[in-house]
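Listed below, chain by chain, are the residues.
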Amino acid sequence: AHLDLSGRTKLLDLGGGPGTYAVYFCLANPRLRATVFDKPTTRPYAEAIIRRFGLEDRIDFVGGDFFGDPLPQDYDAVWLSQILHGTAPDGAREVVARAARVVVPGGLIAVQEFMLDDTLDGPLFSAQFSLNMLLGTDGGQAFTRSEIAAMLRSAGAVDLRWVAPSLPPGCAIMQGRVE
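Everything numeric here is computed off the predicted structure, so don't read it as measured data.

Parameters at a glance
- Residues numbered from 1 in each chain as written.
- Predicted model: local features only at pLDDT ≥ 70, side-chain atom pairs only at ≥ 80, totals over all residues.
- Heavy atoms only, no water.
- Helix = DSSP H or I, 4+ residues; strand = E, 2+ residues; numbered from the N terminus.
- Buried < 20%, exposed > 50% of the residue type's maximum accessible area, 1.4 Å probe, protein only.
- Lys, Arg positive; Asp, Glu negative; His and termini not counted.
- Salt bridge = Lys/Arg side-chain N within 4 Å of Asp/Glu carboxyl O.
- Contact = heavy atoms within 4.5 Å.
- Arc of directions from axis to C-beta.
- Phe/Tyr/Trp six-rings, centres within 6.5 Å; stacked < 30°, edge-to-face > 60°.
- Lys NZ or Arg CZ within 6 Å of the ring centre and 35° of its normal.
- Patch = residues over 30% accessible without salt bridge, like charges linked within 9 Å, V, L, I, M, F, W, Y side chains within 5 Å.
- Areas by Shrake-Rupley, 256 points an atom, 1.4 Å probe, with all protein chains shown as cover.
- Charge placed at Lys NZ, Arg CZ, Asp CG, Glu CD.

Looking at the side chain of Arg58
Move 1: Relative to the elements of secondary structure, Arg58 occurs in the loop between helix 2 (43-52) and strand 3 (59-63).
Move 2: Asp57 provides the closest opposite charge to the buried, unpaired Arg58, separated from it by 5.7 Å.
Move 3: Not counting the four nearest positions on each side in its chain, Arg58 is found in contact with Cys26, Asn29, Pro30, Arg31, Leu32, Arg33 and Ala34.

What to know about helix 5 (residues 145-154)
Move 1: Considered for burial, the residues of helix 5 that qualify are Ile148, Ala149, Met151 and Leu152. Axial view of helix 5: buried residues confined to an arc of 160°, hence all on one face. Away from its buried face, by an angle of more than 90 degrees, helix 5 presents the exposed residues Arg153 and Ser154.
Move 2: Backbone geometry just downstream of helix 5 places Gly156 in the positive-phi region, at approximately 100°.

Overview of unusual backbone geometry
Move 1: The step from Gly122 to Pro123 runs through a cis peptide bond, and the omega angle for that step is -10°.
Move 2: For Pro123, the position within the fold is in the loop between strand 5 (103-114) and helix 4 (124-136).
Move 3: Of note in this structure, Gln82 is not a glycine but carries a positive phi near 55°.
Move 4: In the Ramachandran plot, Asp159 falls in the positive-phi region, its phi being about 55° despite a non-glycine side chain.
Move 5: Summarising the element assignment, Asp159 is placed in strand 6 (residues 157-164).

Focus on the packing of aromatic side chains
Move 1: Scanning the model with the defined rule gives eight aromatic pairs in all.
Move 2: Relative to Trp79, the ring of Phe25 lies with its centre 5.2 Å away and its plane at 90°, an arrangement referred to as edge-to-face. Note that Phe25 is positioned in helix 1 (residues 20-28) and Trp79 in strand 4 (residues 75-81), a separation of 54 residues in sequence.
Move 3: Ring-pair connections join several aromatic residues into one group, and the members of that group are Tyr21, Phe25 and Trp79.
Move 4: If you follow Lys10 out to its NZ or CZ, it ends over the ring of Tyr75, 4.7 Å from the centre.
Move 5: The lysine or arginine in question, Arg145, covers the ring of Trp162, its NZ or CZ lying 4.7 Å from the ring centre.

Quick notes on a negative patch on the surface
Move 1: On the surface, a cluster of negative charge is contributed by Asp117, Asp118, Asp121 and Glu147.
Move 2: Turning to its location among the elements, Asp117 is positioned in the loop between strand 5 and helix 4.

Comments concerning the pattern of salt bridges
Move 1: Evaluated as defined, the whole model comprises five salt bridges.
Move 2: We note a salt bridge from Glu47 to Arg43, for which the minimum N-O separation is 3.1 Å. Of this pair, Glu47 and Arg43 both sit in helix 2, separated by four residues, roughly a single helical turn.
Move 3: Accessibility expressed as a relative area gives 32% for Arg43, which makes it partly exposed.
Move 4: A salt bridge links Glu94 to Arg101; the nearest nitrogen and oxygen atoms lie 3.3 Å apart.
Move 5: On the basis of relative accessibility, which here comes to 37%, the residue Glu94 falls in the partly exposed class.
Move 6: In this structure Arg101 comes out as exposed when scored by relative accessible area, which is 52%.
Move 7: Bridged by salt links that share partners, the residues Asp159, Arg177 and Glu179 form one connected network.

In structure tokens form, the structure reads like this:
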């Protein structure tokens with residue numbers, strides 16, 4: 001409900017796993033078509049959920065690794081939800097840059113993550129989550145709001161704004177327009 005996709009017709013849900021966001025975005029926006037891009041092992045789960053909601057004609061699945069495989073092209077919106085924290089800062093910047101390159105000029109790019117305050121010590125859940133990622137992954141971490149904004153600007157996004165700065169503990173959405 002926090003992300004306005006009215007007028008958008010083609011969404012890429014990058015790292016979309018079971019396709020839950022794509023389903024709900026399409027249900028809320030009848031003209032929207034979506035592609036879920038994630039590892040091939042998630043395909044059966046995504047297709048089952050998409051089928052359960054009767055959206056097989058509007059949501060497709062493309063298997064691949066968003067770090068290296070070619071991404072589908074020409075979307076007017078791309079959604080990155082909870083995927084950046086699994087990698088080190090350089091990897092996260094590259095994922096955002098790759099995502100921005102599939103967006104047509106004027107299109108929307110939106111990132112949802114557990115974001116840290118710029119002081120790095122809160123919100124509490126985000127700080128604890130970041131510690132967990134630092135311990136359990138090779139360089140993964142939560143990012144600050146400023147870091148996410150810098151990634152988006154570096155990828156060519158303008159008109160950045162917080163869509164939902166206070167979702168469940170520490171979760172926030174930042175969006176921008178790709179020129």
